Structures are given as structure tokens and as C-alpha cells.
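An overview of the molecular structure
Chain by chain, the residues run as shown.
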Amino acid sequence: MTALPTRSLLVHDALRAAGIAGDIVVLPDAASTAVLAAEALGVEVGAIANSLVFLSDGEPLLVMTSGAHRVDTVALAERLGRGSIQRANPDQVREATGQAIGGVAPAGHPAPLTTVVDEDLAQYPEIWAAGGTPHTVFPLTYDELVRLTGGTVAKVD
């Protein structure tokens, strides 16, 4: 595992601690969007679990959404009984996750994040998430993603 970037090693350790066996894959080109990741992996864009960081009620909120969806922040705030939800800026994302936009993993953060997992990811037998950098990804199942993040399952679009 020494060939992995430092941020990806943290994600790897979090995966193993959660009993998830999927290995982090280093891609030759950055896959900083769901479309690029899907093309690099040869999977449907919907099977990419985008890690999007928002701010809500004064705290970061991680939304793991299918690459085929856009998050409806107004509807999601209503579903979760929260105030407004707004997109975090790059500095806020880095502060909350220790990772850069385009490579945010569902785990390996400095502290646990409140997380929402898109219910539509459940339709894919295997999903892929960023591994801590825009060049790293890893496979897991929907149930593993929910367990790894301790996330609340919800409709996000």
C-alpha cells in the first residue's frame, strides 16, 4: 500500500476498519467528475458515488449521490428537517474532509461527517467512490457505503 498517496492510505485504513475489502485503484488520469470516473472504469455514470460536501445548520454535510443525479438542496433540507443546505467552497471541503474536491472519499476524514446516502445507488450491485484524491477510486456495495459512512438513506434529487 505504500504506493498510495497519503490521503488514500487514510481511506484504505478506514475501509479495512469497516471490514470492506475493496482495494483502492490508482487511475492514470484524474477522474474528478462522475463522467470521467465512469469512463475510466467502464461503468454507468449512475454507479459512481459522488461525494459532495455542503454546509447545513452550521456544519458540513456529506452527500453521497449517484453520478446520474444532481442534489436538490431545497428538497433535501425539507426531507432532513434542516435549514438551508448550500455547497461548500473548496477551502471548506478541504477543512471538513482533508481531501480536495474531485477526490473526496466517503471516509478517511479528520472527524466523522454527517452523511446522506442517495437511495438510488442501491440499484447497482457495485458502486465506485473516490479514494481521497482525484486519481484514486475504490469499489464497494451500497450496504457497505451506508455502513462505512453511518449515513442516512434518502432521496437526494
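Worth saying up front: this structure is predicted, and the values here are computed from it rather than measured. (Residues numbered from 1 in each chain as written. Predicted model: local features only at pLDDT ≥ 70, side-chain atom pairs only at ≥ 80, totals over all residues. Heavy atoms only, no water.)

1. Notes on unusual backbone geometry
Convention followed: Under the DSSP-based scheme used, a helix requires at least four consecutive residues in state H or I and a strand at least two consecutive residues in state E, with every element numbered from the N terminus.
A positive phi angle is found at Asp57, which is not glycine, with a value near 50°. When you line up the elements, Asp57 lands in the loop between β2 (48–56) and β3 (59–66).

2. Brief notes about the pairing of β3
In plain terms, the rule: Categorising residues by exposure relies on relative accessible area from a 1.4 Å probe, with only protein chains included: less than 20% of the type maximum marks a residue as buried, more than 50% marks it as exposed, and the intermediate range marks it as partly exposed. Here, strands pair whenever DSSP counts at least two bridges between them.
Of all eight residues that make up β3, six are buried, and the element is covered over most of its length. With antiparallel pairing between neighbouring strands as the criterion, β2 and β3 make up a hairpin whose turn holds two residues, including Asp57 at a positive phi of roughly 50°. Inspection of the sheet shows β3 paired to strand β5 (residues 114–118) by four bridges, in the parallel sense. Across the sheet, residue Met64 finds its bridge partner in β5, namely Val117.

3. Description of the confidence of the model for the protein
Cut-off, in case you're wondering: pLDDT: the predictor's confidence for each residue, scored from 0 to 100.
Averaged over all residues, the pLDDT of the protein equals 94, while 99% of them reach at least 70. Of all helices and strands in the protein, the one with the weakest mean pLDDT is helix α2 (residues 34–41) (92), whereas β5 scores best (98).

4. Observations regarding helix α5 (residues 142–149)
The cut-off we apply is this: The reported arc concerns the directions from the helix axis to the C-beta atoms and nothing else.
Every buried residue of α5 is accounted for by Tyr142, Glu144, Leu145, Leu148 and Thr149. Looking straight down α5, one finds that the buried residues subtend no more than 160° of arc, so they occupy a single side. Looking one or two residues beyond α5, the residue adopting positive phi is Gly150, at roughly 65°.

5. Thoughts on the nonpolar core
Applicable threshold: The set of buried Ala, Val, Leu, Ile, Met, Phe, Trp, Tyr and Cys residues whose side-chain atoms join them within 4.5 Å is what this entry labels a nonpolar core.
Counting residues in hydrophobic clusters, the biggest one holds 27 residues, and the most contacted among them are Phe138, Leu140 and Leu145. Secondary-structure elements contributing two or more residues to this core are α1 (6–17), β2, β3, α4 (90–97), β6 (127–130), β7 (136–140) and α5. Sorting elements by how many residues they give to this core places α5 first, with three residues. The next biggest cluster of nonpolar side chains, apart from the first, holds 11 residues, and it includes Phe54, Leu61, Val63 and Ile85.

6. Regarding the pattern of salt bridges
The condition that has to hold: Within this document, salt bridges are pairs made up of a side-chain nitrogen of Lys or Arg and a carboxyl oxygen of Asp or Glu, the two lying within 4 Å of each other.
Per the counting criterion, the structure on display carries four salt bridges. Taking the shortest distance from any N to any O, the salt bridge between Asp57 and Arg82 comes out at 3.8 Å. Here the residue Asp57 occupies a position in the loop between β2 and β3, and Arg82 occupies one in the loop between α3 (73–80) and β4 (85–87), the gap between them amounting to 25 residues. Assessed through its relative accessible area of 52%, Asp57 is described here as exposed. One salt-bridge network, held together by shared partners, links Asp57, Glu59 and Arg82.

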